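Descriptive analysis of the structure
Residue-level listing of the chains:
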Amino acid sequence: MSAVTENTAAKPQKTPARINWVWLSPFLYTLGLFVFWELVVIALDMPPTILPAPTRVFQAIVQYWSPIWKNSLQTLYTTTLGFIIAVVAGLALGLFIGWSKAIYAGLYPLMIGFNAIPKVAVVPILVIWFGIGTVPAVLTAFLISFFPIVVNVATGLATIEPETEDVLRALGARKMDIMLKVGIPRSMPYFFGSLKIAITLAFVGSVLSETVASNYGLGNMMSSAQSQFNVPLVFAGLLMLAVEGIAMYALMAWIEKRMTGWAHRSTMAN
Amino acid sequence: MRLLEKSVQMADLVSIENVDMRYGGAAGTLAVSSLSLKVGKGEFAAVVGPSGCGKSTLMKLVTGLQVPQGGTVIVAGKQVTQPISIVGMAFQNPTMLPWRTTLDNILLPLEIVERHRRRLRAHRKEYVEKAERLLEIVGLKGVGSKYPWQLSGGMQQRANLCRALIHEPELLMLDEPFGALDAFTREELWCVIRDLHAAQGVTIILVTHDLREAVFLADRIFVMSARPGRILNEHRVPFERPRDLEIMYQKSFNDMVHELHGEIAKARVAA
Ligand SMILES: Nc1ncnc2c1ncn2[C@@H]1O[C@H](COP(=O)(O)OP(=O)(O)OP(=O)(O)O)[C@@H](O)[C@H]1O
Ligand SMILES: [Mg+2]
């Protein structure tokens, strides 16, 4: 940043060209969305019980900061916990499924069927088993987010190029060697790529469960705000969710980049 | 001459008899048919033939990557039914693992081959030095720490060659290893292979499209027919070793290249 300011000071006539629009644009677009939203509310003269203006929502955030903060942390906690379980289980199951063509063929339809079940239908079952509260939220986050991890890891393993496998097989490598030397490193970009999808899905799961069956969390806060017609607070909850979602997504994207730099820089020139 | 005599007396290291190989089930492509050839221990054999005639298939049969539907493949006195580890193979396309540095790619066979993997951890330094010597021989000094995708196609092929050599295989299978190289580097590597063969007595089977390469390097040249491939003809290369690059300008050398060229042209038309 200091370099930029020095430069602008030295050559003031070039200032507009020095602005990094790509870096700035997410903020500008977000700001633009809020302005547009505000204008729509003013233009249509929307009552805050239907669509509150962003200024009204921010006001609600300040006003209810203490419960919002507490519930945000709760949601972040259940989501992250469910996500971590999904990462561990998804990685293990993905490696297991990708291990052999037979297991892949046998378990894949089951996985698809399982994933097709709406998780909202599963929450009541979880409540019967574990009661309401944190546990069903964590489990729903886990159930909804582990599928993309499994599929990605398994796909990474199942799509090893036969030539690469041949190189090792020609040396007398066993299945385990091929997995360790090629399969697992190769599936890592798929795995880290799936984390971004999985974390956003985990939020969907935890908030869903909190809404239906919990006394804590943003989902619960929003549903009780809704029953009191406190629509600005509902939107405040949504905004907090969006912020948490973006933050966790960015974290996953950063981890992905750190762990699998070779997959991004490689053009595989040949 | 000494080497030639030795190879005649010694037992065959590779012996392929009447092999049929079909890809993809009964209705699939018949890649080679009634293929027979023998390569003696310490010999340098070259295989030439039209594109798609089954040369790479031959390599895979010898290394045990493919098991033939008919006939037998015997290497070092044992019938090949699964991949064998006494071979080093440089594949047609350099299959370097992109997440490993070039040096780690070259060391990969040592992590697999039984007799080295137990020593690798304790003697890593010694092996790394060996890999660096090989890199230097092929003209890649100092690129060990680079990733394969940071190398040019020709550099990758040279690294590929190092990987085939690192575990000191008894049998070296080279499938068009110099395809992506410029003429000068190629000649340089011919000399590297020539010297390696002379110094270590390793048996080499080389598949190539470059007839001058075959005549310059090999003791014996096998000409394959168009698909389904079989051996059409076999030439003994008469030039004495050690051979100098200069022999490529001799008339007898060019006559032989010319003759091979004619045979392959005929084999292509016959298909
Ligand atoms: N994995 C495979 N599955 C099906 N067919 C194959 C496979 N590999 C090779 N073939 C077929 O077998 C035939 C011989 O292939 P091969 O790769 O051995 O040829 P080649 O002589 O090495 O050719 P080139 O000189 O172009 O490398 C070809 O017709 C090819 O289409
Ligand atoms: Mg080939």
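Going by the structure above, here's the rest.
Residues numbered from 1 in each chain as written. Chains lettered and ligands numbered in written order. Predicted model: local features only at pLDDT ≥ 70, side-chain atom pairs only at ≥ 80, totals over all residues. Heavy atoms only, no water.

Within the secondary structure, T164(A) is located in helix α9 (residues 162-169). We classify T164(A) as buried; its relative accessible area is 11%. Other than its neighbours up to four places away in sequence, T164(A) contacts V182(A), T95(B) and L97(B). (Helix = DSSP H or I, 4+ residues; strand = E, 2+ residues; numbered from the N terminus. Buried < 20%, exposed > 50% of the residue type's maximum accessible area, 1.4 Å probe, protein only. Contact = heavy atoms within 4.5 Å.)

At the junction of the two partners, chain A supplies 22 residues and chain B supplies 24 residues. When chain A packs against chain B, the two sides together hide about 2,200 Å² of surface, and 68% of this comes from carbon and sulfur. Counting every contact that joins chain A to chain B gives two salt bridges. In this structure, D177(A) engages R117(B) in a salt bridge whose closest nitrogen and oxygen atoms are separated by 2.8 Å. One can count three residue pairs in polar contact (both at pLDDT 80 or more) joining chain A with chain B. Elements supplying a minimum of two residues to the side of chain A that touches chain B: α9, α10 (175-213) and α13 (261-265) of chain A. Element by element, the count of residues in the side of chain A that touches chain B is highest for α9(A), at six residues. (Buried area = accessible area lost by both parts, 1.4 Å probe. Salt bridge = Lys/Arg side-chain N within 4 Å of Asp/Glu carboxyl O. Polar contact = N/O pair within 3.5 Å; in protein donor to acceptor, adjacent residues only side chain to side chain.)

Right, let's get into the site of ligand 1. All names here are of chain B. Around ligand 1 lies a shell of 14 residues, among which S51, G52, K55, S56 and T57 are the nearest. R227 places a side-chain nitrogen or oxygen 3.1 Å from an oxygen atom of ligand 1. When residues of the shell around ligand 1 are traced back to their parent elements, those giving at least two are β2 (29-40) and α2 (55-63). For the shell around ligand 1, the class distribution of residues is three nonpolar, eight polar and three charged. (Near = heavy atom within 4 Å. Nonpolar A, V, L, I, M, F, W, Y, C, P; charged D, E, K, R; others polar.)

A word on the nonpolar core. Grouped together as the largest cluster of nonpolar side chains are 54 residues, with contacts concentrated most on L107(B), L172(B), L174(B), I193(B), V215(B), I221(B) and F253(B). Once you skip the residues sitting within four places of it in the chain, L107(B) turns out to touch R124(B), Y127(B), V128(B), A131(B) and I166(B). Residues F83(A), I97(A), M188(A) and A236(A) belong to the second largest nonpolar core, which totals 48 residues. (Core = buried A, V, L, I, M, F, W, Y, C linked by side-chain atoms within 4.5 Å.)

Six octahedral donors around a metal ideally make angles of 90 or 180 degrees; four tetrahedral donors ideally make 109.5 degrees. Residue and element names in this part refer to chain B. Around the magnesium ion (ligand 2), the donor atoms from the protein are S56 (OG) and Q92 (OE1), and they sit 2.0 to 2.4 Å away. You can see S56 sitting in helix α2 and its partner Q92 sitting in the loop between β6 (87-90) and α3 (102-112), a full 36 residues away along the chain. By relative accessible area, which is 22% here, S56 ends up partly exposed. The class of Q92 is partly exposed, set by a relative accessible area of 38%. (Donors = N, O, S within 2.8 Å, 3.2 Å for Na, K, Ca; no water.)

Residue and element names in this part refer to chain B. Strand order in the open sheet formed by six strands is β6-β7-β8-β3-β9-β10, and the pairing between neighbours is mixed. One side of each edge strand has no neighbouring strand; the edge strands of this open sheet are β6 and β10 (231-236). Between one strand axis and the next, the sheet turns by 15 degrees as a mean value, whatever way the strands run. By the bridge criterion, five bridges tie strand β9 (residues 220-224) to β10 in an arrangement that is antiparallel. Bridging from a neighbouring strand, M224 pairs with I231 of β10. Of the strands in this sheet, β6 and β7 (171-175) touch helix α6 (residues 153-165), which is tilted by about 170 degrees from β6. (Pairing = 2+ DSSP bridges. Axes fitted to C-alpha atoms, helices over the stretch in contact; angles between N-to-C directions.)

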